[in-house]
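Reading the structure
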Amino acid sequence: MDYNINNDGYYGDFGGAYIPEILHANVEKLRESYLGIMNEPAFRAQFDALMRDYVGRPSPLYLAKRLSGKYGARIYLKREDLNHTGAHKINNTIGQILLARRMGKTRIIAETGAGQHGVASATVCALTGMRCIVYMGQTDIARQQLNVQKMRMLGADVRPVASGNKTLKDATNEAIRDWCCNPADTHYIIGSVVGPHPYPDMVARFQSVISEEIQKQLQAHEGRDYPDYLVACVGGGSNAAGTFYHYLNDERVKLVAAEAAGLGVDTEETAATIKRGKKGIIHGSHTLVMQTEDGQIIEPYSVSAGLDYPGIGPLHANLASKKRAEVLAVTDDEALAAALELTRLEGIIPALESAHALGVFGQKKFKKDDVVVLTLSGRGDKDMETYVKHYGEMGIL
Ligand SMILES: *Cc1c(COP(=O)(O)O)cnc(C)c1O
């Protein structure tokens, strides 16, 4: 079985490019160009140099001894939290900004929910001297002030979106509208393995630097270049796609994806798209979508802003439906407990999203000799308010 994308832009039944006619030329140009550009030696050299000198790669593969002791396996953490800007998103935005420049674009647009992808996009625009417009819902602007301030300091034009619920979905619609009107000079940087083909494959390839490094690092640590398990959280699915990429067709390696259950998979307050979603189309991709009987998108909920997306990358919809990946749903409370546990056992405060991946250890037993690599997608600085409030209510802090 081949779990990579096929020539038509599908992973099994999932993927494709379901877009309005007016966007067709833009997406088609990108589809024709991306692989050729990414394979150019000069492009590769630029990307690799920025990964090393700007992002700080390779990110360490750290054997977490106290966490391993507690759960009885050899647990390694892939430290994407140590990247410049604090998460894995920068790998993708650097890739796309170089691609945009190579395609002659001068203006960048992006959408953002919590602001993490907006900050990563504004960062690479400052780095390359490109114009940057970030669409963000008014609700999100109000609750993510620090990231809004960072984007503005980096020189981005943050445009409030007042339609709908004033959150990520509405910001995305606005970005798409912008792209329709400015096809010649503008590149749209999507922040995860979602959207129309070729975005899911392009983003997965930029993020695959993660699994490429895991292979080399495991060889050095363990004398073999593959683990027994890979574990990652899934919002749209880009850090998980990067973690799984070089192991997709290696059945010795078991893949575990953690999605956000919110208050519980069987409640209305959830973002567990794989468990609760049905086939449908969202943002140009045929995938699993949380939707009502008549196909209206259901607003997702998770304590973690980076995971509350009502869709899922088509790569992951296929891995789950073919049972290549095991999908576990981790609740807010389980993630919050896991975040505190990692902090106290290893001295690492994880992002709330990454804490959902850590929540897997409370649900799944591993054997003593199992080698488990878990991707710590980001650091917890941005989540301190949530942590302090929650642990305060519990009387822990
Ligand atoms: C955005 C984000 C995620 C979720 O995005 P994916 O595309 O699913 O990886 C996970 N962790 C962190 C730290 C994030 O900022």
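You'll find the structure just up there.
Predicted model, so just to flag it, every value in this text is computed and none were measured.

Here we take up the pattern of salt bridges. For the structure shown, the criterion picks out 24 salt bridges. Aspartate 48 is the salt-bridge partner of arginine 44, the closest N and O atoms lying 3.4 Å from each other. Taken together, the residues span about one helical turn, with arginine 44 and aspartate 48 both in helix H2 (residues 41-55) at a distance of four residues. We classify aspartate 48 as partly exposed; its relative accessible area is 36%. Taking the shortest distance from any N to any O, the salt bridge between arginine 252 and aspartate 250 comes out at 2.8 Å. What makes aspartate 250 buried here is its relative accessible area of 15%. Taken together, the salt bridges that share partners define one network made up of Arg57, Lys78, Glu80 and Glu213.

Turning our attention to a nonpolar patch on the surface. On the surface, a nonpolar cluster with roughly 530 Å² of combined accessible area is contributed by Ile349, Met384, Val388, Met394, Ile396 and Leu397. In this structure isoleucine 396 comes out as partly exposed when scored by relative accessible area, which is 35%.

In this structure, Ile94, Ile97, Met151 and Met202 are the most contacted members of the largest nonpolar core, which totals 48 residues. Broken down by element, the residue count for this core peaks at six residues, all from helix H4 (residues 89-102). Excluding its chain neighbours within four sequence positions, the residues that come into contact with isoleucine 97 are Ile108, Val124, Cys125, Thr128, Met130 and Ile189. Ranked by size, the runner-up nonpolar core spans 38 residues in total, among them Tyr3, Ile210, Leu230 and Val327.

Here we come to the sheet that holds strand S8 (residues 186-189). With parallel pairing, four strands are arranged side by side in an open sheet as S7-S6-S5-S8. Taken across any chain shown, the strands that pair with only one partner, and hence form the sheet edges, are strand S7 (157-161) and S8. Neighbour-to-neighbour, the strand axes of this sheet turn through a mean angle of 25 degrees, independent of strand direction. Sheet topology places strand S5 (residues 107-112) next to S8; four bridges connect them, and they run parallel. Bridge pairing in S8 places isoleucine 108 opposite histidine 187. Relative to S5, helix H8 (residues 168-181) is tilted by about 160 degrees, and along the sheet it contacts S5, strand S6 (131-137), S7 and S8.

Cut-offs used in this document
Residues numbered from 1 in each chain as written. Predicted model: local features only at pLDDT ≥ 70, side-chain atom pairs only at ≥ 80, totals over all residues. Heavy atoms only, no water. Salt bridge = Lys/Arg side-chain N within 4 Å of Asp/Glu carboxyl O. Helix = DSSP H or I, 4+ residues; strand = E, 2+ residues; numbered from the N terminus. Buried < 20%, exposed > 50% of the residue type's maximum accessible area, 1.4 Å probe, protein only. Patch = residues over 30% accessible without salt bridge, like charges linked within 9 Å, V, L, I, M, F, W, Y side chains within 5 Å. Areas by Shrake-Rupley, 256 points an atom, 1.4 Å probe, with all protein chains shown as cover. Core = buried A, V, L, I, M, F, W, Y, C linked by side-chain atoms within 4.5 Å. Contact = heavy atoms within 4.5 Å. Pairing = 2+ DSSP bridges. Axes fitted to C-alpha atoms, helices over the stretch in contact; angles between N-to-C directions.

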